[in-house]
Amino acid sequence: MAEFEFTLILSGLTDFDDAMVDQLVEAGCDDATVAQRYGRVYITFARETSSHQEAILTAIRDIHRANIGATVMRIEDCNLITPAEIARRLGRSRQNLDQYIKGTRGPGGFPAPACNITEGAPLYYWCEVAFWANLHDLLSDQANIQAQEIATINTILELSHQQRIVPTIAEKLIREMQICAPIDCGPTS
């Protein structure tokens, strides 16, 4: 068993009260702190389980079981990050990371940026960088697995969130793009 710390951002609430906190505690969230900032309620956990994934998934289930009118929108961990943040996470200097990106140092093959390419301030997918860094012994297996889990869980949560707020658009686009996440995508007729 190990303790895993993470924050889940909620949708459906703009504030909370003691009764909601009591419902969360009764549903199993006695290892969490509820807070609100910028009109968004979030819950920070320090959950003891056998794995990072289990900690997050059981927390999501507990929040839904509390029936407080909220759903989990995402894990507070942004997958799109700057080169400066990549350097920080890898324990490298910005200059060293720039050399990795340009291929003038290290093993080569650094992942290409995901967005802001034309604006000259590229952002990278942390899950791609973590995979590359782990492959080249620059990041632990555990940190890489956690990056992959968070990216995947957030993708599923964000798709589910879009399906709730704009179901007709989400369903139409899922059908048009001929993809479906392993969640209920509804009828395809």
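Each remark here, short or long, concerns the structure printed above.
These lines cover the structure that appears in this document, whether it is placed above or below. (Residues numbered from 1 in each chain as written. Predicted model: local features only at pLDDT ≥ 70, side-chain atom pairs only at ≥ 80, totals over all residues. Heavy atoms only, no water.)

1. Description of the packing of aromatic side chains
- Within the structure shown, the criterion is met by four aromatic pairs.
- Measuring from centroid to centroid gives 5.6 Å for Tyr-100 and Trp-132, while their planes differ by 65 degrees, and the two rings are edge-to-face. Of this pair, Tyr-100 sits in helix 4 (residues 94-102) while Trp-132 sits in helix 5 (residues 126-135), and the two are 32 residues apart along the sequence.
- Owing to a relative accessible area of 7%, Tyr-100 belongs among the buried residues under this scheme.
- The class of Trp-132 is buried, set by a relative accessible area of 5%.
- One aromatic cluster in this structure is built from Tyr-100, Phe-110, Tyr-124 and Trp-132.
- Lying across the ring of Trp-126, Arg-89 places its NZ or CZ 5.0 Å from the centre. (Phe/Tyr/Trp six-rings, centres within 6.5 Å; stacked < 30°, edge-to-face > 60°. Helix = DSSP H or I, 4+ residues; strand = E, 2+ residues; numbered from the N terminus. Buried < 20%, exposed > 50% of the residue type's maximum accessible area, 1.4 Å probe, protein only. Lys NZ or Arg CZ within 6 Å of the ring centre and 35° of its normal.)

2. Concerning the packing of helix 3 (residues 83-90) against helix 4
- Packing of helix 3 against helix 4 brings their axes to within 9 Å, and their N-to-C directions diverge by 105 degrees. Compared by their axis directions, helix 3 and helix 4 come out roughly perpendicular. Each of Pro-83, Ala-84, Ile-86, Ala-87 and Leu-90 in helix 3 lies in contact with helix 4, whose residues at this interface are Arg-94, Leu-97 and Ile-101. (Axes fitted to C-alpha atoms, helices over the stretch in contact; angles between N-to-C directions. Parallel < 35°, antiparallel > 145°, perpendicular 65-115°, else oblique. Contact = heavy atoms within 4.5 Å.)

3. Quick word on helix 3
- Among all positions in helix 3, only Ile-86, Ala-87 and Leu-90 are buried. All buried residues of helix 3 project into a common sector of 100 degrees when viewed along the axis, lining one side.
- Where helix 3 is buried, its residues contact strand 5 (80-81), helix 4, strand 6 (124-125) and helix 5.
- Trailing helix 3 by a residue or two, Gly-91 shows a phi angle of about 70 degrees, which is positive. (Arc of directions from axis to C-beta.)

4. What to know about the nonpolar core
- With 26 residues, the main nonpolar core has Phe-6, Leu-8, Leu-10, Leu-24, Phe-45, Ile-56 and Ile-63 as its most contacted residues.
- Secondary structure elements with two or more residues in this core: strand 1 (2-11), helix 1 (18-26), strand 3 (40-49), helix 2 (52-66), strand 4 (71-75) and helix 6 (141-165).
- Per-element accounting of this core gives the leading share, six residues, to helix 2.
- For Leu-10, the contacting residues outside a window of four places in its chain are Arg-40, Val-41, Ile-43, Ile-63, Ala-70, Thr-71, Val-72 and Met-73. (Core = buried A, V, L, I, M, F, W, Y, C linked by side-chain atoms within 4.5 Å.)

5. Quick notes on the packing of helix 5 against helix 6
- Running from N to C, helix 5 and helix 6 cross one another at 155 degrees; their axes reach a closest spacing of 9 Å. In terms of orientation, helix 5 lies roughly antiparallel with respect to helix 6. For the crossing formed where helix 5 meets helix 6, the hand is left-handed. Each of Trp-126, Cys-127, Ala-130, Phe-131 and Asn-134 in helix 5 lies in contact with helix 6, whose residues at this interface are Asp-141, Asn-144, Ala-147, Gln-148 and Ala-151. (Left-handed = near helix turned anticlockwise from the far one by under 90°.)

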